[in-house]
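Structure at a glance
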Amino acid sequence: PLTTLLLGEQNSITDLSYAQTFWPLKGEVWLEEEVNGLRYRIHPNSFFQTNTAMASVLQDKVLEKIDPDAKHILDLYCGLGFFGIAMAKKFSEVKIHGHELDAEAIKLAAFNAETNGVSDRCTFTAGPSEDLSWANLPADLIVVDPPRSGLHPNVIKTLLEKKSKTIVYISCNYKRLVEELKLLKVAYDVEAPEALDLFPHSPHVEVVTKLTLKKT
């Protein structure tokens with residue numbers, strides 16, 4: 001049954017699915033989705049996977065690549081906490097720090113962590129990932145899920161300086177991923193990337209790759 005129907009208004013010329021004003025015709029001014037038994041509240045302007053069935057497969061694939069002995073995970077471009085909350089739910093001792101440019105998404109990430117019973121081990125902050133200070137931020141594993149433009153050059157630089165044990169990279173632009181892996185391979189060994197078709201009848205796929213720090 002229909003639970004939510006929103007009318008959004010966009011006054012500028014753009015090809016982005018972004019509205020400046022919303023009117024709820026039915027329900028609230030947000031959406032709710034369940035993936036793998038986890039509940040997520042979603043602001044209409046915040047990013048969330050549109051293919052729910054395959055989003056659950058993508059989430060499982062990412063969880064498979066998480067080292068079970070990881071204690072501190074940095075979740076960059078974390079959105080509404082889609083991966084971070086799932087990691088906290090599966091690994092009972094891990095602490096998650098999520099960081100995301102979209103301040104509305106960060107508010108909902110905190111709400112979603114509370115809803116799913118993991119708020120005691122999840123913290124979320126808002127801002128550009130390239131401006132995040134890692135000075136007092138331990139991370140033995142880093143998850144990155146950037147937009148189609150890929151990682152900011154400063155993020156790549158910091159990843160190479162930080163040298164965390166493991167990076168799990170979720171990419172929606174495999175061409176950009178190839179170029180960035182060339183840079184990251186200086187310090188990391190790259191496992192075979194796995195592609196998932198979340199966008200049928202289009203050339204786009206999600207690619208999940210695990211990078212492990214080279215032994216010296």
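Residues numbered from 1 in each chain as written. Predicted model: local features only at pLDDT ≥ 70, side-chain atom pairs only at ≥ 80, totals over all residues. Heavy atoms only, no water.

Another aspect to go through is the packing of helix α1 (residues 52-64) against helix α2 (residues 82-90). One way to put it is that α1 packs onto α2 with a least axis distance of 10 Å and a crossing angle of 55 degrees. In terms of their interaxial angle, α1 and α2 are classed as oblique. The crossing of α1 and α2 is right-handed. Taken together, the residues of α2 that come into contact with α1 (itself represented by Ala55, Leu58, Gln59, Val62 and Leu63) are Phe82, Phe83, Ala86, Met87 and Lys90. A breakdown of the residues in the contact of α1 with α2 according to their chemical character gives eight nonpolar, one polar and one charged. (Axes fitted to C-alpha atoms, helices over the stretch in contact; angles between N-to-C directions. Helix = DSSP H or I, 4+ residues; strand = E, 2+ residues; numbered from the N terminus. Parallel < 35°, antiparallel > 145°, perpendicular 65-115°, else oblique. Left-handed = near helix turned anticlockwise from the far one by under 90°. Contact = heavy atoms within 4.5 Å. Nonpolar A, V, L, I, M, F, W, Y, C, P; charged D, E, K, R; others polar.)

The α-helix advances 3.6 residues per turn, and as a result positions three or four apart in sequence lie on the same side. For helix α4 (residues 153-162), every residue scored as buried is listed here: Val155, Ile156 and Leu159. On an axial view of α4, the arc spanned by its buried residues comes to 100 degrees, and they lie on one face. Across α4 from its buried face, at more than 90 degrees, point the exposed residues Pro153 and Glu161. If you follow the buried residues of α4, they end up packed against β5 (72-76), β8 (141-144), β9 (166-171), α5 (174-184) and β10 (188-190). Phi for Lys163, located one or two positions after α4, is positive at around 50 degrees. (Buried < 20%, exposed > 50% of the residue type's maximum accessible area, 1.4 Å probe, protein only. Arc of directions from axis to C-beta.)

The next subject is the packing of aromatic side chains. Tallied over the entire structure, the rule returns two aromatic pairs. Note on Tyr40 and Phe82: the rings are 5.5 Å apart at their centroids and 45 degrees apart in plane angle, and the pair reads as tilted. Note that Tyr40 is positioned in strand β4 (residues 38-42) and Phe82 in helix α2, a separation of 42 residues in sequence. Overall, the relative accessible area of 7% leaves Phe82 in the buried class. Their ring planes at 70 degrees and their centres at 4.9 Å tell us that Phe82 and Phe83 sit as a pair that is edge-to-face. For Phe83, a relative accessible area of 6% corresponds to the buried category. Aromatic ring contacts, followed pair by pair, group Tyr40, Phe82 and Phe83 into a single cluster. Positioned above the aromatic ring of Phe199 is the side chain of Arg148, whose terminal nitrogen or guanidinium carbon lies 5.8 Å from the ring centre. (Phe/Tyr/Trp six-rings, centres within 6.5 Å; stacked < 30°, edge-to-face > 60°. Lys NZ or Arg CZ within 6 Å of the ring centre and 35° of its normal.)

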